[in-house]
Amino acid sequence: MALRRGAAVLSRYADHYGPFPGRGAAATGMMCAVRRSFAAVAGLLSLATVLAGVVGVAGPAGAAATGGSLAVRTVLGPSTVDGPGGLALDAAGNLFVADTGHCRVLVVAARTGVLDGLHVRAGRASTFAGGSCTGRGAFGYPSDVAVDGHGDLFIAEPTAQRVQEVRAGSRRAVTVVGTGTGGFNGDGLPGTASELDQPTGVAVDGAGDLFIADTANCRVRVLPVATGTLFGQSMVAGHLFTTAGTGVCGTSGQGGPSGAAQLWNPVAVTLDAAGDLFVADSGDQSVLAQPAAGSTSFYGTTVGRGDIGAVVGGTGSYGPYLADGLPANGQTAELNDPRGLAVGPAGALLVTDGFMHVIRVAPAVDGTMLGTAMRVGALYTVAGALPVATAAGTNDGTQWVRTQMGTPVGVVATRSGALYYSDAAQNTVRVMALGARSA
């Protein structure tokens, strides 16, 4: 029963069009994208037909791009995870997985030993938190996880309308944001007195400030660890504030001051080493950036001090992308359901695109990543479906690059440049790396 219920919840979450269980039609944040979906139905069906005819893993072209040394290995399979969501790595290399359908968080240990009182084996999955979808102590269906510098784990639970924290050494989950009732009751209240509405994504900056993609409220919220100024706002420690979004779902004001800029279904957040904020805005098919300090150039697009603007994608419509190596922002930078974000080696921004079945990357410097030469300001595919030219015409076909994907959701990069990613449709977590052993 739990598996079936989990699958149903994940289906709603995957489409971004319907409310989670227990929420009525009045919770419209997830519904905003519907207004743009119908115009491109014919194109989507055409693309789906192309993708449905593709089978297998990377062909010769994909192998050539990797230099012959890149491989993909399954870390967790369908017997272990059900609709996995977000991923996080701690400083020791332990991988945390939001096992959505099983209402728990798993840890895949980097080393055999004891982790916060839990006996773990290297490379094996263990339940770290949760494990029950009903009854006393039940978890919601966790969609994302984040780990801070102390090893504390944060868990986004959109169905329970809260974010929980498991402090290092305790393994006891405690609510830090949310009342359990969906809504918005203002800013500046203590975290546990503040309402959320389908909090889908979480991230932590270097100082330990907690950022939340408050999806149905069309906002990004922050719980600061210290009283002071963050993104130009005065904030009080342990109280919740809006750092992006007005509460109205839309795109008005993007490219200008963040306090007046709308968001449209933010589903994931991440931060770079400088503390700059990135938001996956699924309703507008874009990734937005909000600089922590002064005017900053992100992947070829400059965002001013105090502003928030699209730096990847931003076409605002569904449609197949044309090719790799085109500008990361603008009419050719097609995203179709951005779900997960991570900042990888040398500042590269990684984006999982659920509808296009790909992981895209916008490099911060010119160079090579996972065997592919890349340049700043362009967008590339590191895994999934890549348009290719055929006898029928330019880009009139698709091939799988390195691995066939269902619905990639979570993504995280290691210091060495390996990528872990979750696939909600295939119920797997995989790792992709140069020199990895195939499985």
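Residues numbered from 1 in each chain as written. Predicted model: local features only at pLDDT ≥ 70, side-chain atom pairs only at ≥ 80, totals over all residues. Heavy atoms only, no water.

Caption draft 1: Spotlight on the side chain of Arg402. If you trace the backbone, Arg402 turns up in the loop between β31 (398–401) and β32 (408–413). For Arg402, which is buried and forms no salt bridge, the nearest opposite charge comes from Asp324, at a distance of 7.4 Å. Polar side-chain contacts of Arg402 include one of 3.2 Å to the backbone oxygen of Leu370. Reaching out from Arg402, the side chain makes a polar contact with the side chain of Thr372 at a distance of 2.7 Å. (Helix = DSSP H or I, 4+ residues; strand = E, 2+ residues; numbered from the N terminus. Buried < 20%, exposed > 50% of the residue type's maximum accessible area, 1.4 Å probe, protein only. Lys, Arg positive; Asp, Glu negative; His and termini not counted. Salt bridge = Lys/Arg side-chain N within 4 Å of Asp/Glu carboxyl O. Polar contact = N/O pair within 3.5 Å; in protein donor to acceptor, adjacent residues only side chain to side chain.)

Caption draft 2: Region of the structure containing the side chain of Thr352. With respect to the helices and strands, the residue Thr352 is situated in strand β26 (residues 349–353). Relative accessible area serves as the criterion here: at 0%, Thr352 is assigned to the buried category. A polar side-chain atom of Thr352 sits 2.6 Å from the main-chain carbonyl oxygen of Val409.

Caption draft 3: A look at the environment of Met374. Topologically, Met374 is positioned in strand β29 (residues 372–374). Separated by 50 residues in sequence, Met374 and Asp324 have C-alpha atoms that sit 9.6 Å apart. Aside from chain neighbours lying at most four places away, what touches Met374 is Val361, Pro363, Val365, Asp366, Gly367, Met369, Tyr380 and Val382. (Contact = heavy atoms within 4.5 Å.)

Caption draft 4: Molecular detail of the sheet that holds strand β17 (residues 241–244). Here 4 strands make up an open sheet; going across it, the order is β12-β13-β14-β17 and the pairing antiparallel. Unpaired on one side and paired on the other, β12 (199–204) and β17 mark the two borders of the sheet. In this sheet, adjacent strand axes meet at a mean angle of 30 degrees when their direction is disregarded. Two elements, strand β14 (residues 219–223) and β17, share 3 bridges in a ladder whose sense is antiparallel. Bridge pairing in β17 links Val222 to Phe241. (Pairing = 2+ DSSP bridges. Axes fitted to C-alpha atoms, helices over the stretch in contact; angles between N-to-C directions.)

Caption draft 5: Structural view of the environment of Ala418. Locating Ala418 in the fold gives a position in the loop between β32 and β33 (419–423). On a C-alpha basis, the gap between Ala418 and Gly344 in space is 9.0 Å, while along the polypeptide they are 74 residues apart. If we skip the residues at most four places from it in the chain, Ala418 touches Val412, Ala413, Val431, Met432 and Ala433.

Caption draft 6: A look at the packing of aromatic side chains. Inspection of every chain in the model, using the stated rule, returns 4 aromatic pairs. Between Phe96 and Phe128, the ring centres sit 5.2 Å apart and the planes meet at 80 degrees, which makes this aromatic pair edge-to-face. Of this pair, Phe96 sits in strand β3 (residues 95–99) while Phe128 sits in strand β7 (residues 125–130), and the two are 32 residues apart along the sequence. Here the two residues Phe96 and Phe128 agree in accessibility, since each one is buried. (Phe/Tyr/Trp six-rings, centres within 6.5 Å; stacked < 30°, edge-to-face > 60°.)

Caption draft 7: Quick peek at the state of the cysteines. Tallied over the entire structure, the rule returns 2 disulfides. In this model Cys103 forms its disulfide with Cys133; the gap between the sulfur atoms is 2.1 Å. Here the S-S torsion is close to 110 degrees, and the disulfide linking Cys103 with Cys133 is therefore right-handed. Of the two residues, Cys103 sits in the loop between β3 and β4 (104–108) while Cys133 sits in the loop between β7 and β8 (144–147), which places them 30 residues apart along the sequence. Neither residue differs from the other here; Cys103 and Cys133 are each classed as buried. Two residues share a disulfide in this structure: Cys218 and Cys249, whose sulfurs sit 2.1 Å from each other. Because the torsion about its S-S bond is 90 degrees, the bridge between Cys218 and Cys249 counts as right-handed. Highlighted residues: Cys218 in the loop between β13 (210–214) and β14 and Cys249 in the loop between β17 and β18 (266–271), separated in sequence by 31 residues. Like Cys249, Cys218 is buried. (Disulfide = S-S within 2.5 Å.)

Caption draft 8: Expanded view of the environment of Gly238. In this structure, Gly238 sits in the loop between β16 (233–235) and β17. Look at Gly238 and you get partly exposed, because its relative accessible area is 34%. For the pair Gly238 and Gly191, spaced 47 residues apart in sequence, the C-alpha separation works out to 6.0 Å. Dropping the residues within four chain positions of it, Gly238 is found in contact with Leu189, Pro190, Gly191, Leu223 and Pro224.

Caption draft 9: Spatial organisation of unusual backbone geometry. One non-glycine residue, His357, lies in positive phi territory at about 60 degrees. Note that His357 resides in the loop between β26 and β27 (358–362). Non-glycine residue Asn427 carries a positive phi angle of around 50 degrees. Position of Asn427 among the secondary structure elements: in the loop between β33 and β34 (428–434).

Caption draft 10: Layout of the sheet that holds β4. With antiparallel pairing, the 4 strands of this open sheet are ordered in space as β2-β3-β4-β7. Single-partner strands in this sheet number two, and they are β2 (87–89) and β7. The average undirected angle you get between the axes of adjacent strands in this sheet is 25 degrees. As defined by bridge partners, β4 adjoins β7 across 5 bridges and the pair is classed as antiparallel. Pairing of Val108 across the sheet is with Ala125, part of β7.

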